[in-house]
Amino acid sequence: MLNLGHGRSPLWCGSQNHHRDPRPGYGRLLRNLGAAQAVITFNRTSFPTCYGTELDAALEVLGLIALKGKVVTGDALHCNRRTVAAINAGGGDWCLALKANQDSLLSDARACLGKVRKDHPIAVTEDSGHGRKETRRAIVIPAKGLAEHHDFPGLKAFGQIEATREIDGRISSEARIFALSWLPAPEVLLATVRAHWAIENALHWQLDVSFREDAARNRKDNGSANIAILRRRALDVVRRDTSKGSLSMKLQRAGWGEAFLCSILTGLAAD
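All figures in this text were calculated on a predicted structure; none of them were measured in a lab.

Asker: Got a sec to walk through the side chain of E134? Specific residues and values, please.
Answerer: In this structure, E134 sits in strand β8 (residues 132-142). Taking the relative accessible area as the measure of exposure, E134 reaches 4% and is therefore buried. Engagement of the side chain of E134 in a polar contact is seen with the side chain of R165, the distance being 3.4 Å.

In structure tokens:
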């Protein structure tokens, strides 16, 4: 998976075929290799500024990745004709959040979703814990003729996930709409979107808890980018350690004693 950080809203590429690694790209590329998947993250702060905006940087990186057989997901920033054209050219599929920056397309997506029959297939998941209960309902519909109408190449379907949360007796709901380049089952849409946020949330939670990244004040020259690289590289190294213990505890042990730190680095060198 390739995660191009946009604040808290990433663009990432997830392989549908496990153990297939994307090719390396620019800047800081961190790898967390597990038994079932490979994850690669990319941070915008380490990308050369000569490439312009984050969107320009994302397009450069997409050109370096083997996209065939993979699904690229992203927030509304990446829901545009340039990005989908780049993914299409690489042979990949895409699932992109659809919001007001594509107002006309969003309007037509809502109109299509409003015509869905009651017997249309849906998928439902429920999660509970820590005083919270969340129900997600997903639906996928074809986007017949709208790719040509909106000049949005490769558009095949719209997906909607309606999330209802109950926290301490208070209920809130949110509906999110996605533009899709293929017609997945509703269950697949749920899994794709959940995987997208699981990577981002896990990374930022660990960075904030272990390194207090959100409170960091490094601003001078390339200091913030350099420190960001070191933090993520540290996480990458510790994740490779197979001994028992949480990631946070291993980071603490590595800081407390040279013996454990050396054992982690020795294992990295052996790889």
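What follows continues from the structure just given.
Asker: Account for unusual backbone geometry, naming residues and giving values.
Answerer: Of note, D151 is a non-glycine position whose phi angle comes to about 55°, a positive value. Here D151 lies in the loop between α4 (146-149) and β9 (157-167). A positive phi angle is found at D168, which is not glycine, with a value near 50°. By secondary structure assignment, the location of D168 is in the loop between β9 and β10 (170-180). The exposure class assigned to D168 is exposed, which follows from its relative accessible area of 63%.

Asker: Go over the confidence of the model for the protein, please, and point to the residues and values.
Answerer: When pLDDT is averaged across the protein, the result is 78; 78% of the residues are at 70 or more. Helix α3 (residues 103-114) holds the highest mean pLDDT among the elements of the protein, 97, whereas strand β3 (residues 29-33) holds the lowest, 25. When the criterion is pLDDT under 50, residues 1-11 qualifies, and its contacts beyond four places in sequence or with other chains add up to 61 contacts. Long-range and interchain partners of residues 14-41, a stretch whose pLDDT sits below 50, account for 74 contacts in this model, where long-range means more than four residues apart.

Asker: An account of the nonpolar core is needed here, citing residue identities and associated values.
Answerer: Within the largest apolar cluster, 25 residues are counted, with the highest numbers of intra-cluster contacts made by W94, L98, F152, L155 and F158. Beyond its immediate chain neighbours, meaning those up to four positions away, F152 contacts C79, N80, R81, V84, W94, Q102, L105 and A147. The next biggest cluster of nonpolar side chains, apart from the first, holds 14 residues, and it includes A138, L180, W182 and V193.

Asker: How would you sum up helix α6 (residues 223-239)? Please name residues and give values.
Answerer: If you check α6, its first and last C-alpha atoms are 24 Å apart, about what 17 residues at 1.5 Å a residue would give, namely 24 Å. Taken as a whole, α6 has its buried residues at A225, A228, R231, R232, L235, D236, V237 and V238.

Asker: Describe the pairing of β10, listing the residues and the values that go with them.
Answerer: In the sheet, strand β6 (residues 93-97) pairs with β10 via three bridges, with the strands oriented antiparallel. Counterpart to L96 in the pairing with β10 is A179. Hairpin connection of β9 to β10: two residues between the antiparallel strands, including D168 at a positive phi of 50°.

Asker: Give me the side chain of T73: which residues, what numbers.
Answerer: Counting through the fold element by element, T73 comes out in strand β5 (residues 70-74). At 2.3 Å, the side chain of T73 forms a polar contact with the side chain of H196.

Asker: Which residues make up the packing of α6 against helix α7 (residues 247-256), and what values do they have?
Answerer: Interaxial distance between α6 and α7 falls to 10 Å at its minimum, and their mutual angle equals 105°. Taken together, α6 and α7 sit at an angle that is classed as roughly perpendicular. In contact with A234, L235, V238 and R239 of α6, α7 contributes L247, K250 and L251. Taken together, the residues that form the contact of α6 with α7 break down as five nonpolar, no polar and two charged.

What counts, and where the lines are drawn
Residues numbered from 1 in each chain as written. Predicted model: local features only at pLDDT ≥ 70, side-chain atom pairs only at ≥ 80, totals over all residues. Heavy atoms only, no water. Helix = DSSP H or I, 4+ residues; strand = E, 2+ residues; numbered from the N terminus. Buried < 20%, exposed > 50% of the residue type's maximum accessible area, 1.4 Å probe, protein only. Polar contact = N/O pair within 3.5 Å; in protein donor to acceptor, adjacent residues only side chain to side chain. pLDDT = per-residue confidence, 0-100. Contact = heavy atoms within 4.5 Å. Core = buried A, V, L, I, M, F, W, Y, C linked by side-chain atoms within 4.5 Å. Expected span 1.5 Å × (residues − 1). Pairing = 2+ DSSP bridges. Axes fitted to C-alpha atoms, helices over the stretch in contact; angles between N-to-C directions. Parallel < 35°, antiparallel > 145°, perpendicular 65-115°, else oblique. Nonpolar A, V, L, I, M, F, W, Y, C, P; charged D, E, K, R; others polar.

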